[in-house]
Structures are given as C-alpha cells and as structure tokens.
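Overview (structure and organization)
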Amino acid sequence: MAEPAVAEPIATLAEQTTISAEQATTSVERTSSAGETISTEVSFRGERSGTAPLTWGQRAIWHAIRRTAPNDHYFNIGRVLPLADRGRPATVAATLDALARLVERHEALRTRLVPAAADGGPSQWLADTGSLPVTIAPASGLPEAAAEAEALLDRLSATRFDYPAEWPLRAALVTVGDRVTHAVLVLCHLAADGHAAEVLVRDLRLLVRRGSAGRPPATAPLDLARGQHAEAGRRRGAAALAHWEAGFRAAPPTMFPEPCAEPRSPRFWTGRIVSPALARAVAAVAAAHRVSGSTVLLTASAALVAAGEGHRTAAVMPIVGNRAAEALRDLVSTLSQDGLFVLDLAAAERSTGDGEEKGTGATRFTDLLPAAHRAALRAYRAAVYDPVEWDALGERLRTEYGREVHPYCCFNDMRLVERPVPEGPRPTPLELTRELAEARRRTAFGFPATQDRVACRYCLHITEEGDALAVSLTADTAYLPPEAIRAHLYAMEELIVTSAAGSPPPIPDLRALLESAEGERP
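Residues numbered from 1 in each chain as written. Predicted model: local features only at pLDDT ≥ 70, side-chain atom pairs only at ≥ 80, totals over all residues. Heavy atoms only, no water.

A closer look at the overall build of the protein
Counting its regular elements, the protein contains 16 helices and 17 strands. Within the protein, buried positions represent 52% of all 522 residues. Summed over all atoms, the accessible surface of the protein reaches about 23200 Å², with 51% contributed by carbon and sulfur. (Helix = DSSP H or I, 4+ residues; strand = E, 2+ residues; numbered from the N terminus. Buried < 20%, exposed > 50% of the residue type's maximum accessible area, 1.4 Å probe, protein only. Areas by Shrake-Rupley, 256 points an atom, 1.4 Å probe, with all protein chains shown as cover.)

Side note on the pattern of salt bridges
Opposite charge on two side chains lets them pair, provided their charged atoms get close. A complete count under the given rule lists 29 salt bridges for this structure. Of the charged contacts in the structure, one is a salt bridge between arginine 511 and glutamate 515, with a shortest N-O distance of 3.7 Å. Of the two residues, arginine 511 and glutamate 515 both sit in helix α16 (residues 510-520), 4 residues apart, roughly one turn of that helix. With a relative accessible area of 41%, arginine 511 lands in the partly exposed category. Residues participating in the shared-partner salt-bridge network are Arg105, Arg202, Asp203 and Asp330. (Salt bridge = Lys/Arg side-chain N within 4 Å of Asp/Glu carboxyl O.)

Structural notes on the side chain of serine 157
Tracing the sequence through the fold places serine 157 in helix α5 (residues 142-157). Here serine 157 is in contact with His73, Asn76 and Val186, once residues within four sequence places are set aside. (Contact = heavy atoms within 4.5 Å.)

What to know about helix α3 (residues 56-68)
Taking 1.5 Å of rise per residue, 13 residues should cover 18 Å, and α3 covers 19 Å from first to last C-alpha, within 8% of that figure. Taken together, the buried positions of α3 are Trp56, Gly57, Gln58, Ile61, Trp62, Ala64, Ile65 and Thr68. Next to the buried residues of α3 lie β5 (111-114), β6 (123-126), α7 (221-228), α8 (231-250), β12 (337-338) and α13 (387-401). (Expected span 1.5 Å × (residues − 1).)

Overview of the environment of proline 252
Relative to the helices and strands, proline 252 resides in the loop between α8 and β10 (268-275). Those residues within four positions of proline 252 in sequence are excluded, and the remaining contacts are His311 and Thr313.

A few points about the packing of helix α4 (residues 92-105) against helix α6 (residues 194-210)
Contact geometry of α4 with α6 gives a least axis separation of 9 Å together with a crossing angle of 135°. When the axes of α4 and α6 are compared, the pair comes out oblique. Here the hand of the crossing between α4 and α6 comes out right-handed. Between α4 and α6, the residues in contact are Thr95, Ala98, Leu99, Arg101, Leu102 and Arg105 and Leu200, Asp203, Leu204, Leu207 and Val208, respectively. A per-class count over the contact of α4 with α6 returns 7 nonpolar, 1 polar and 3 charged. (Axes fitted to C-alpha atoms, helices over the stretch in contact; angles between N-to-C directions. Parallel < 35°, antiparallel > 145°, perpendicular 65-115°, else oblique. Left-handed = near helix turned anticlockwise from the far one by under 90°. Nonpolar A, V, L, I, M, F, W, Y, C, P; charged D, E, K, R; others polar.)

Observations concerning the packing of aromatic side chains
Scanning all chains against the criterion turns up 10 aromatic pairs. Here the aromatic rings of tyrosine 74 and phenylalanine 75 are separated by 5.1 Å at their centres, their planes lie at 80°, and the arrangement is edge-to-face. By relative accessible area, tyrosine 74 is classed as partly exposed at 27%. In this structure phenylalanine 75 comes out as buried when scored by relative accessible area, which is 14%. An aromatic cluster is defined as three or more aromatic residues linked by ring pairs; in this entry it consists of Trp244, Phe248, Tyr385 and Trp390. Across the ring face of phenylalanine 161, the terminal group of arginine 170 is positioned such that the distance to the ring centre comes to 3.9 Å. The ring of tryptophan 269 carries arginine 264 above its face, with NZ or CZ at 5.4 Å from the centroid. (Phe/Tyr/Trp six-rings, centres within 6.5 Å; stacked < 30°, edge-to-face > 60°. Lys NZ or Arg CZ within 6 Å of the ring centre and 35° of its normal.)

Regarding the confidence of the model for the protein
For the protein, per-residue confidence averages 89 on the pLDDT scale, and 89% of positions sit at 70 or higher. Contacts for the low-pLDDT stretch residues 1-34, under 50 throughout, to residues beyond four places or in other chains number 52 contacts. Here residues 354-359 is a poorly scored stretch, pLDDT under 50, and it has 2 contacts once near neighbours within four places are set aside; other chains count. (pLDDT = per-residue confidence, 0-100.)

Section: the sheet that holds β6
Strand pairing in a sheet takes place through backbone hydrogen bonds and is either antiparallel or parallel in direction. Taking strand neighbours across the sheet as the criterion, the 3 strands line up as β2-β6-β5 in an open arrangement whose pairing is antiparallel. Where the open sheet ends on each side, the last strands, each with one partner, are β2 (50-53) and β5. Put simply, the sheet's adjacent strands are angled 30° from each other on average, direction ignored. With 4 bridges joining them, β5 and β6 adopt antiparallel strand pairing. Considered in β6, the bridge of threonine 111 is made with leucine 126. Across the sheet, α7 touches β2 and β6, and the angle it forms with β2 is around 40°. (Pairing = 2+ DSSP bridges.)

Description of the packing of helix α10 (residues 293-309) against helix α12 (residues 369-381)
Where α10 meets α12, the closest approach of the two axes is 10 Å, and the angle between their N-to-C directions is 100°. Looking at the two axes, α10 sits roughly perpendicular to α12. Here α10 contributes Ser294, Thr295, Val296, Leu298 and Thr299 to the contact with α12, which in turn contributes Leu369, Ala372, His373, Ala376 and Tyr380. Taken together, the residues that form the contact of α10 with α12 break down as 6 nonpolar, 4 polar and no charged.

Observations concerning the environment of glycine 321
With respect to the helices and strands, glycine 321 occurs in the loop between β11 (313-320) and β12. Distance in space between the C-alpha atoms of glycine 321 and serine 336 is 4.4 Å, their sequence separation being 15 residues. The residues contacting glycine 321, other than those within four sequence positions of it, are Leu335 and Ser336.

Section: the pairing of β6
Pairing geometry for β2 and β6, over 4 bridges, is antiparallel. In the strand pairing of β6, threonine 51 is matched with tryptophan 125.

Observations concerning the nonpolar core
Counting 87 residues, the largest nonpolar core has Trp244, Phe341, Leu460 and Ile496 as its most contacted members. When residues in this core are grouped by element, the largest group, 11 residues, is from helix α15 (residues 482-500). Those residues in contact with tryptophan 244 that sit more than four places away from it in its chain are Met317, Asp338, Gly339, Leu340, Ala382, Tyr385, Trp390 and Leu393. Counting 42 residues, the second-largest nonpolar core is a separate cluster that includes Val42, Leu99, Ala127 and Val180. (Core = buried A, V, L, I, M, F, W, Y, C linked by side-chain atoms within 4.5 Å.)

Rendered as structure tokens:
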C-alpha cells in the first residue's frame, strides 16, 4: 500500500539505506573495539499495511500530548531489558533480528501519525516495510554496561517524538565484547501504554532467547479503531459518557478552583515519597476491608484532596488500563483512558451518623472504602469512550455552568499487579503497629523533578521500589506549593498507616492531618 500524503519527513526516512541484521553486525564488529557508539538500521517486513482513525486511547493521549507540548517527552515510556543475567549469550546479530521480528509482530511499532486533514482529525498509517534505527554502545564490563544502558535510556527518552516522521520505537543495544548485555527501548505513548511496554519487554526477551514469542496477538490497533468507530462501539462510548455527565453534575466543577500561591519557576514540581510502611499498611487495610490496594490509595487521595479544598464530594480521574477482555491482554497499543471516580464523603457520614458513636466523629477513613470500591468499579467500566465526544460534553457543560468543568485531579497506579498479602496468621494490632513504626524510619522524601508545563493540577503516580511503595505527586505550584505537595504525601502515609494500625482518622480531621503534615516534616 502506498504511503499517505502526509509530512515530507516520512518520504525522507523511507529513502534511507536499509541494511540487514547480518550487515549491521559486521559493521559493529569493526568498530566496537574502539569503544565508539554507532548507529545502524534493521529492516522489517510485516504482513499488511493500512490506514484507520486513531483508537480512542490514542485520541486521549494525543489530546494530552498537544496540551503538554513542547514538553511532551514527559509521556515517553522507557524500559531496559538485561540480557546478560541468565540464559545463553545474546549476540548482536540475534538481538538485531529479534528487534526486527518484534516490529513485525506488533503493528503499533510500525504505525505513524497522519496529521489532521481539513475535514477531520488525525489518523494512523500502518507500514508493511521499513527500517528501524538502532544505536549500539560498547562497554568495557558489566557494571559499565548497566550504567551505559541507563544513560541511553535517559538520552533516548529526553526528546519528544516526531509523530508523523519517526517510528514510535527508539532502540539501543549495549555490548561487552561480542555479546549484548542490555536492550533499551523507548516508546511513543501513541503506540503503547505501560502494560504494552511490559508485553514488548517480555516478547523481546523470548525472541532473543528462543527465537519465538508464541502466538501472535489476537487483534491489532487498526482493527480496534475500526470497531470503536462502528455503530456498536459508539453505543458503548455513549453509555460511558452518560456516567461522566452524571459524575460531573454530582461533583464540584473542579477540585482546585482557585490559585493559592505565586507559581514557582518551573511551575510544576514533583514530590516523591518512598515508604515501606505505606506498602505494608495498604496491603493490611485492603485485606481487612476486602478491597484492592489501589482502591485504598485512590480513596486516600480523593479524601485528602477534598479535605484540603473544603469539598464534600471528591472527583478524581484514575487512569484505567482497559484490558479486561482476553483479546486485549497482549495487544501493544495505548488502551489506557481516564475514568471518573466520584466519592460522596457526606453520604458516608450520613450512613454512619446514626450508629452508636453518633456525634463522636465516628465516620472514619475506612468507612469510605465500601462506597469507594463501588465507585471505582463504575469508573473502570466507563473508561472507554471517544475523546472527541468527551470534549463536546465538556463544552456543553462549560456553556451551562459558565466555567470549565474538569477535576484536574488524576491518579495513576502504574503497578501491573499488586503484591499479595503474605500467607499465615495476621499480626496482632500491637505487632502491626510496631512493625509499621519500624518501617516508617526508612521513609524517604524528595523533589526529584520540575517541569514547565503539565496538563493537570494534581497527578499522583504509584509504583514500587523494592519492598516500598513509591508515590509521586506532580502538581501545579499555583494550587499546591511545594510544602503542600510534601504534606499530601506524608498525610497519605499517616492516614493509611494509622488506619492499618486500627485507628483510622475521622473524616473531619483530614484537613488538620494535612496541616500537621505540612509543618512537621523536613
């Protein structure tokens, strides 16, 4: 299929010389002894080509990319695959061939953006053939190779993709002698989300080690896009947007209505807390109340934001993976979209207010969890929709309200799975309290990054680091100054740790918890 008439750089790339994996290896062997980093290319040939609209997940991330540009390298997804740890040695030839097979296997990796035409939005073009640039960096030993891999990851992630002209995968190999020790992948978010990145790392490992990654994916982005834009897909999207409209009407127009400080420069700061105690406490609260750890963290985030801003209803937009269907489990694409989680804190107070502790502040954090679990499930089910129609809903509500309607409060649990609770008898409350107090001595906090532009006011990210949870909060310093960012993270740890120890704070006390966390920590 001929290339569409889009940006000129596509033709320029197509005219570049393509060499085979064997030829690339010969070139590497001639130069690697000198320790020089070189660039090569590997050719690929897929089974089909074609065009289609963007999937809804792609439309959603494209919307975010445009709002964040020119700092949209923020969305790049990087992974390092160690190849010297076990198994047979990986040669340069075998690894280059595996990269070619990876691109052939996953159509998203040979798909480019077609810029918007006069009569519509952007679309995507799938190429059947082409060549992928690969950087090869020799190192003198394994420790140096690991450091070089991280340096390559940083360098390849540091610049935005040229969406119409560049393949959505940047690749590099690190070698020691004639063996590959690490493969570095940096992905454009239009082609992959976090789950898809892990699929690619798994498949590349299998292709290097075994020469095969098993059965091909059950579907592909072009097929998904065509289905979403068909009648059945549009009906599902309309049902999801009905949930959004109801949620918008039940919540405040935004969670952060007014600036409270002069913005810093750069304006957006990221605070990060690494807490073994939080990991243990989240697991304990989740097990005790039969909800997921993600629900515990989402509820804590929502409750603290509402308390800090004086709202009785919280609205948070969790990033939803949208991979419940079996056919989507191994699909490399951007499926993630925002959901809308709405939690009525006042309703929880009403439901517990007639109990035996009425008038004593009996409505506590853990009382929110049953309703939060149901609200989270509703949010997840309504996270597949057309962002163009979502924008239209926002414009209609803006006209009706006379102001923008958007929570500007996001939550992203980036863990693929939750660590299971250890088997055996649960510790007594006293034992757990001691365990958590000891673990909190290892809590660490810092401000690792700043940015000039992010399309949100409060973005919470959850990852793991060893036996600890790492929680990062990127916020607009006009609405959450650095001391408030720090307070939210320490308050989240305090809220969940005390709940795990059997003393969940009352909902009315959460604002005071934020204020004390702001002042007492270094």
